[in-house]
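Summary of structural features
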Amino acid sequence: MAVETIAPDWEFDRFDDGSQKIHTEVQLKNYAKFLEEYTTQLRGIEEALDDSIGDVWDFTLDPIALKLLPHEQSSLLELIKTDNKVLNKVITVYAALCSEVKNLKYEAENKFYNGLLYYGEGVSDLSVVEGESQIQMGRFISFLQELSCFVSRCYEVVVNIVHQLGALYNSNKAATRIIDSSSVHFQTVYEHLGDLLVVLLTLDEIMENHGTLKDHWKMYKRLLKSVHHNPGKFSIAEEKLKPFEKLLLRLEGQLLDGMILQGCVDQRFDDPGKGVTITKNTTFAEEFAFNIRTIFSNVESKIGEPSEIDQRDKYAGVCALFVLHFYIFRSVDKKLYKALLDVCKKVPAVTLTANIIWFPDTFLLSKAPAAAKLIDKKSAQAIRAQRDTFLQQKAQTLSKDVQSYYVFVTSWMMKMESILCKEQKSDKMAEDLNSRCNVFVQGVLFAYSISTIIKTTMNMYMSMQRPMTKTSVKALCRLVELLKAVEHTFHRRSMVVADSVSHITQQLQSQALNAIYVAKKRVISDKKYSEQRLDVLSSLVLAENVLGGPSTKERRLVVSLALCVGTQLKTFRDEELLPLQLVLKKLDLISELSERVKLQCDCSFLYWHRAVFPIYLDDVYENAVDAARIHYMFSALRDCVPSMMQTKHLESYDQLLESYDKEIMDVFNEHLLDTLCKEIEKDLRLSVHTHLKLDDRNPFKVGMKDLAHFFYLKPIRFFNRFIHIKAYVTHYLDKTFYNLTTVALHDWATYSEMRNLAIQRYGLKMTEAHLPSQTLEQVCWFVTRHCGNARRQIFIEKASNNKHLNTINIRHIANSIRTHGTGIMNTTVNFTYQFLRKKFYIFSQFMYDEHIKSRLIKDIRFFRETKDESDQKYPFERAEKFNRGIRKLGITPDGQSYLDQFRQLISQIGNAMGYVRMIRSGGLHCCSSAIRFVPDLEDIVNFEELVKEEGLSEETQRAAGVLDSVLGDLTSNSAEGTEYFKMLVEVFAPEFRRAKNMHLRNFYMIVPPLTVNFVEHSISCKEKLNKKNKTGAAFTDDGFAMGVAYILKLLDQYLEFDSLHWFQSVRDKYKKEMNAVVKEQHLHSASQDQKLLQTMNLTQKRLDLYLQEFELLHFSLSSARIFFRADKTAAEETQEKKDKGLLMSCKLQKPQVTEPISM
C-alpha cells in the first residue's frame, strides 16, 4: 500500500476546517470541570478539618502543613561576594562560626537536653526490678559518648571564635592588620558565643539537678567493679575492660561532675605555635568588654518590659561571656559585675529549658570568685532573699495578671480575626501589611510574657521546694490555656498568615533596602578615599545584595554582620539607624514566625509539673461553664510527646509514652469522668425519686451546677484516642442501668424514666436495655402464666394487672438470640429438662394413686370386655362417669378437681415443649437472617487460607479464622438446627417404659376423661371473653394437646390410644344427640311453644359448640403427634436406627478398587 506524502509547502496554506479549535475548547471545558470538582473536594476537606473534629486540633495530625521558614540553597561563599576580598573573608569566617553555633544549639535543644532530662522516666518506683538501673545506664552510655563528642566540638568552636576575634582586634603593632577594626563591633558574633556558652551552662545545670542519673552512674560503676573481679562470668575479655573504664572516667570527669562550662573557660586560648596570643591582647580584651557592656545595656533596658522577647536568654549569655572574659583576661569590671547582680532583683531566676531553672547570682558568685569578694555577705543574702519576695509577690499578683492577660489575649484574638478576614485594598496595602505585622508581633510578645510567668513561677516553686496554693495553680493553668489559645489562633488562620508573612517580609526588606540605599548614596557622594570607607561601602553593597533574596536565616545573619562594618563613620544618622534596627528585628521575627510561636507556646515543661493536673480538673469540674477550655490543657499536655521521643535509656520511647498516657488518663478518669458519671447518675436518681424528699434540692439554697456543658464538648484528642465525654458518660449510664435492671427486673420502669430524663436534661441518647420481663430460669412461671398457640407459634399471657396482655413469638426469640447469642438455646432446653423432671415426678405420683389407678384398670378391663359390642369405640358415657367420679374425691378451695389439676399439669408440660419448639424456630430465624448476606451456602470460601496466601498479618489471619468459624456455625444451624424434641423424647422414654413404672402404662385410658375435662374448661374460658369480668378468659391453649402427644410418645401408646377410637365415639355421640334434637324440633314445629323451641335451639348450639371444640382438639392432637413421629412405634424406630448403623459400617468397610495402570 502506497503512503501518500504531503508536500512541506502545503503546511502554509492548509485548509482550516475549525475542528482543532472545537477540540481545544472541549478539552478546556473538561479541564475547567475537573478543576471545579477538585476545588469542591478540597473545600470539603478543609471544612471537614476546620473545627469538626475538636475545638483544638493536634498539629501533628495535619494532613498538609505549611512550612513558612525559607531554606537557603546558596552557600555562604556564594552569598558573600563583593570586590573587597579581605572583607569577604572576614564576614565569611564569622558567618560560618555563627551558623555552626546555631546548629550546635539546635542539636542540644532537640537531642541532648531531652535525652538527659527524661533519663529514668517511664519506670515506676514500685515496678523497678534489681539490675534495671544498670541496664538503663548501659543503654545510655552511647548517648553520653555522643554528648562528650558534642561538648568537645563546642570547646573547639569557642576557641576558634576567640582566636578569630583576637586576630581581628590585635594589640600587637607588628602583626598584620586585616581590616581597620577600630570602629567595628561584631556584636552578633559575641551574642552567638554567649548562646553557645549558655548551652554548656544548661548541660551543667541538668547534670547538677539529675539525682537519678548520678545514682544510676554509681550503681553502674559498682557493677563494672564486679565484672572486673570476675570477667569470665560475664563473658567479657579482660583487655577490653580497661579502655572501657578509662572511657567512663573521662565521661564522668567531663560531663557528670558539673564542670562542662568550667572546662570550656579553663581552656588554653593562647597558641604560641601558631603565633596566637589572646590573654595579653589588650585591644581584644577592651573590645570583648565593650561588647559585653553594649549587649548588657540593650538587655537591661528591655528586661521585664512588655516588649521583652528574648532578653532573659541574652542575659544568661552576657553572664557567661563575663565569666569567659574573666577567665581569659583575669580582669573584673566591678561596675558591670554589680550591674549584672542588680538585675537579679528584677529577674531572680531564668528558665534555661523545661524544668531547669538558673539563678544568676549563684552563678556569678561561684564562677568569678575574685569578683565575688567585692560583694559583702549582706548584699549576697539580700539577693537570695529576693527570690522568696519574688514568689510572694507573684502569688499575690497572679490572679490580676491572669485577668489582665485574659483581656489582652482575647482582644488580640478578635483583632487577629478582624484583620485577617478584612479584604486587602490595593491603595492601602502598605498600611494593612504594617498593621498585620504589628498584630503578629504582639501575639508573639504576649506568648513570651505568659510563658515566662508560667515557667519562672512553677520552676522556682519546684526548685526552692515551696508549697503552691490552689489559687496559684488555677491561675497558672489559666495562663497555660491562654498560651495555647495564642498558638491555636495562629494555627487556625495559618493559610492567611502564610500569605501575609511573605508580603510582610518583602515590605520589611524593601524598607531596609531604602535605608541602606540612602546611607550608600551618602558614602559614595563623599569623594575622600580610605580603606575604612571602602570597607563600609563594600559591606553596604553586600547587605543590599543579600537582602534582595528570600529572608533566610543565613542572609539575615550576613546582613547583621555586614552592618556591623557598615554602620561605622556615622554612615547612618541616629534617626535612620534606630528604625533600620527595628525593621531588621521585625524581619527576624516575621521570617521565623511559626518557629517563634511554636517555641514560645511550647508547654512541654508541664510534664515536670503534671501534679497540677488533678487540681486543674477539679477546677474545671467546679466551673463547668468553661468546660471547653480543657481542650487547651490537653493540647499543652501533648507538647512533651516530641521531646519524649529522644529518650535513650529504655528499649523504646513507646514505653515512656504509654506510661505518660496511662498516668494522665487515670487522673482524668478519677478527677473528672468518674466524678461526672456518678454526679449525673445521682442527679437522675434524685430527680426521679423527688416524691421521697431525700434531700433539699432547692437551687437557691444548695446552688446549681449545670454539668450539661461537658456534653457540648467535641472529642478531645490525646495520643491515639479521642476522649468523647458525652459518649463515655452515656456508656457508663447504659452499663449501670442495664446491670442494675438485670439484678432487679421490676425496676425497669424507673430506669426507663431516668433514660428519658437524661435525654431531656443532658441530651444523652441512651440505648434501651430491651431486657426480658423474666429470665430463662423461670420456665415454671412462663408455662403456668401463658397459653400457647401451636399454629402461629405464639404464647399469650393468661392474666395481667395491666390493660394489655404480653405476647411472645418467634421474632422476639430471634431478637433475644441475636442480643445474647445462640448459647441461650441450649441453656433454655437444659432448664426445660429440669422443669420436666419435676413435673413428671408429680405426674407419676398422680398415676400411682390408688383411686386413679384402680379406676383406670377397671376401665381398661371394661373396654376389653365390651369393645366388640361398642364397635371398638370407648364409650363417651364412661369418660363422663370417670370425670364425675374424680370430682367426688374432693375439690380445691378454688373449685378445681384432681382431674383439673392433672389437666393443668399436662398443659404445662405441653407448653414447655411448645416453648422449646419456639426457641428452635427463633434460632433458625436468627441464623437465616444472619446468613442471608452469604451468596452461596453450598460454596463458602475459606477466608483464613486466602489471607495466608496474601501474606497478611497474624491479627488478620486470626480474624479470618474467627469469620470462618462463625460462617460454619451459621451454615450448620441454618441448614438443620438441633432436634430438641428428639432429644427430650430420648432422654425420658427409657425411664417411662421401664417395668418399675408400669403404673404409667394406664395413661392412654385417662386421655378420654381428660379431653372431656379440657373441652369443658376451654368452652368456659372462651365464654368469659364476652363477660365484663375476664378473669380466666382465654381463646387458645394448645399446650394440652402437645402434652398429651408428648406423653403418649414417651410411653409408646399411640396404638393403644388409637384403638379406643375416642374422637369417633365423641363424634357419634354428639351427632346422635343432635339428630334427636332435630327430630324433636320437627315434632314440635307445629306447636306454638316458643320457650320449648328456644330451648331446643340453645341445646343444638351447645351440642354443636362441644362437637366443634372436640374436633379442634382432635386436629391439635393430630398436629402435635407429627412432631413426635406418631407413624412409628418404639420398636420400629429402634430397627430403623440399627439399619442406619449397619449401612454406615458397610460404607466404611467397602474396599477401594484401583484401576490398572495402562502402559
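What you see is a predicted model; the values in this text were computed from it and never measured.

Below, the discussion takes up the overall build of the chain. The secondary structure content of the chain amounts to 43 helices and 7 strands. Taken over C-alpha atoms, the radius of gyration comes to 49 Å for the chain, far larger than the 32 Å a tight globule of 1159 residues would show. C-alpha extents for the chain along the principal axes are approximately 160 × 100 × 90 Å. Residues classed as buried in the chain amount to 45% of the 1159 residues present. Taking the intrachain contacts of the chain between residues at least 6 apart in sequence as the baseline, contacts between residues at least 24 apart amount to 79%.

A word on the pairing of strand S5 (residues 786–789). Here S5 shows two buried faces, one formed by His786 and Gly788 and the other by Cys787 and Asn789. Strand direction decides the pairing type here: S5 and strand S6 (residues 794–797), joined by 4 bridges, are antiparallel. Counted as the bridge partner of His786 is Glu797 from S6.

For the chain, the domain assignment lists domain 1 (18–52), domain 2 (119–371), domain 3 (651–762) and domain 4 (779–1131). For domain 1 and domain 4, the distance between their C-alpha centroids amounts to 72 Å.

With that out of the way, let us pick up the sheet that holds strand S7 (residues 807–809). Across the sheet, 3 strands lie side by side as S5-S6-S7; this open sheet has antiparallel pairing. Both outer strands of the open sheet, S5 and S7, are each paired with one neighbouring strand and no more. Adjacent strand axes in the sheet meet at a mean angle of 20°, parallel and antiparallel pairs treated alike. Against the sheet, helix H34 (residues 898–931) contacts S5, S6 and S7, and its axis sits at roughly 130° relative to S6.

Next up on the list: the packing of aromatic side chains. Counted under the stated rule, the structure contains 56 aromatic pairs. Seen from their ring centres, Phe840 and Phe843 are 6.2 Å apart, and the 75° between their planes marks the pair as edge-to-face. Of this pair, Phe840 and Phe843 both sit in helix H31 (residues 823–848), 3 residues apart, which is roughly one turn of the helix. Both residues of the pair, Phe840 and Phe843, belong to the buried class. Feature note: the residues Tyr833, Phe840, Phe843, Phe846, Phe902, Phe981, Phe988, Phe992, Phe1003, Tyr1046, Phe1123 and Phe1124 constitute an aromatic cluster, connected by ring pairs. The ring of Tyr848 has Lys853 sitting right over it, with the charged end atom 4.3 Å from the ring centre.

Together, Lys858, Arg861, Lys881, Arg884 and Lys888 make up a positively charged patch on the protein surface. Mapped onto the positive patch, the elements with two or more residues apiece are helix H32 (850–866) and helix H33 (876–888). Looking at which element gives the most residues to the positive patch, the answer is H33, with 3 residues. Structurally, Arg861 can be placed in helix H32. Since its relative accessible area comes to 46%, Arg861 is described here as partly exposed.

Before going further, it helps to examine unusual backbone geometry. Phi is positive for Ala354, which is not a glycine, with a value near 45°. Tracing the chain through its elements places Ala354 in the loop between strand S1 (350–353) and strand S2 (356–358). Phi is positive for Gln793, which is not a glycine, with a value near 50°. One can find Gln793 in the loop between S5 and S6.

The next thing to look at is the environment of Gly211. One can find Gly211 in helix H6 (residues 211–229). Note: C-alpha distance between Gly211 and Leu374 (163 residues apart in sequence) is 33 Å.

Helix length check: helix H5 (residues 187–208), at 22 residues, gives a terminal C-alpha distance of 31 Å against a target of 32 Å (1.5 Å per residue), a fit within 8%. Counting buried residues in H5 gives 19 out of 22 residues, a clear majority hidden from the surface.

On to the pattern of salt bridges, then. Throughout the structure, instances matching the rule amount to 47 salt bridges. Between Glu944 and Lys948 there is a salt bridge, with the nearest N and O atoms lying 3.9 Å from each other. With Glu944 and Lys948 both in helix H35 (residues 943–950) and 4 residues apart, the pair spans about one turn of that helix. Across the salt bridge formed by Lys996 and Glu991, the nearest N and O atoms sit 3.3 Å from each other. For Glu991, a relative accessible area of 31% puts it in the partly exposed group. By sharing partners, the salt bridges in this structure join Arg556, Asp588, Glu592 and Arg596 into a single network.

Let us look at the confidence of the model for the chain. Confidence along the chain averages 86 in pLDDT terms, with 91% of residues attaining 70 or more. With pLDDT under 50 throughout, residues 1–15 is counted as low confidence; its partners more than four residues away or in other chains account for 1 contact. Under a pLDDT of 50 for its full length, residues 1146–1159 has, in the predicted model, 0 contacts with residues more than four places off or in other chains.

What follows is about the nonpolar core. Core analysis: the largest hydrophobic core is formed by 235 residues, its most contacted members being Phe186, Tyr315, Phe668, Phe710 and Ile725. A per-element tally of this core places helix H4 (residues 132–168) first, with 17 residues. Two domains each donate at least three residues to this core, and these are domain 2 (119–371) and domain 3 (651–762). Among all residues touching Phe668, those that are not within four sequence positions of it are Phe613, Leu617, Ile630, Phe634, Leu673, Ile716, Ile723 and Ile725. In this structure, Ile852, Val1012, Ala1045 and Tyr1046 belong to the second largest nonpolar core, which totals 83 residues.

Residues Tyr31, Phe34, Leu35, Tyr38, Leu42 and Ile45 make up a contiguous nonpolar surface patch of about 590 Å² in total accessible area. Here Leu42 shows up in helix H1 (residues 19–50).

Side chains Ile794 and Ile796 project from S6 onto one buried face, and the interleaved Phe795 and Glu797 project onto a second face that is buried too. As consecutive antiparallel partners, S5 and S6 are separated by 4 residues, and within that stretch Gln793 has a phi angle of approximately 50°, a positive value. Across 3 bridges, the pairing between S6 and S7 is antiparallel. Looking across to S7, one finds that Ile796 is bridged to Thr807.

This part is about the side chain of Ser133. As for its position among the elements, Ser133 is in helix H4. In terms of polar contacts, Ser133 uses its side chain to reach the side chain of His216, at 3.4 Å. For Ser133, the residues in contact, after removing those within four places along its chain, are Tyr119, His216 and Met219.

Let's shift gears to the state of the cysteines. As enumerated under the stated definition, the model contains 0 disulfides in all. Free of any disulfide, Cys926 has its nearest neighbouring cysteine sulfur in Cys927, separated by 5.5 Å. Exposure remark for Cys926: the relative accessible area of 11% places this residue in the buried category. By relative accessible area, Cys927 is classed as buried at 2%.

Our focus in this paragraph is the packing of H4 against helix H7 (residues 238–256). Interhelical geometry of H4 versus H7 gives an angle of 55° and a closest axis separation of 10 Å. Compared by their axis directions, H4 and H7 come out oblique. H4 and H7 meet at a crossing whose hand is left-handed. In this structure, H4 contributes Ile141, Leu144, Gln145, Leu147, Ser148, Val151, Ser152 and Tyr155 to the contact, and H7 contributes Phe244, Leu247, Leu248, Arg250, Leu251, Gln254 and Leu255. For the contact of H4 with H7, a count of residues per class yields 10 nonpolar, 4 polar and 1 charged.

In the contact formed by helix H19 (residues 553–566) and helix H20 (residues 574–591), the axes pass within 11 Å of each other and the chain directions differ by 165°. Classified by the angle their axes make, H19 and H20 are roughly antiparallel. Where H19 crosses over H20, the handedness of that crossing is left-handed. Residues Arg556, Val559 and Leu563 of H19 form the contact with H20, whose own contacting residues are Leu580, Leu584, Leu587, Asp588 and Ser591. Across the contact of H19 with H20, the residue classes break down as 5 nonpolar, 1 polar and 2 charged.

Rules behind the numbers
Residues numbered from 1 in each chain as written. Predicted model: local features only at pLDDT ≥ 70, side-chain atom pairs only at ≥ 80, totals over all residues. Heavy atoms only, no water. Helix = DSSP H or I, 4+ residues; strand = E, 2+ residues; numbered from the N terminus. Rg over C-alpha atoms; globule rule 2.2 N^0.38 Å. Buried < 20%, exposed > 50% of the residue type's maximum accessible area, 1.4 Å probe, protein only. Contact = heavy atoms within 4.5 Å. Pairing = 2+ DSSP bridges. Domains from an automatic or database assignment. Axes fitted to C-alpha atoms, helices over the stretch in contact; angles between N-to-C directions. Phe/Tyr/Trp six-rings, centres within 6.5 Å; stacked < 30°, edge-to-face > 60°. Lys NZ or Arg CZ within 6 Å of the ring centre and 35° of its normal. Patch = residues over 30% accessible without salt bridge, like charges linked within 9 Å, V, L, I, M, F, W, Y side chains within 5 Å. Areas by Shrake-Rupley, 256 points an atom, 1.4 Å probe, with all protein chains shown as cover. Salt bridge = Lys/Arg side-chain N within 4 Å of Asp/Glu carboxyl O. Lys, Arg positive; Asp, Glu negative; His and termini not counted. Charge placed at Lys NZ, Arg CZ, Asp CG, Glu CD. Expected span 1.5 Å × (residues − 1). pLDDT = per-residue confidence, 0-100. Core = buried A, V, L, I, M, F, W, Y, C linked by side-chain atoms within 4.5 Å. Polar contact = N/O pair within 3.5 Å; in protein donor to acceptor, adjacent residues only side chain to side chain. Disulfide = S-S within 2.5 Å. Parallel < 35°, antiparallel > 145°, perpendicular 65-115°, else oblique. Left-handed = near helix turned anticlockwise from the far one by under 90°. Nonpolar A, V, L, I, M, F, W, Y, C, P; charged D, E, K, R; others polar.

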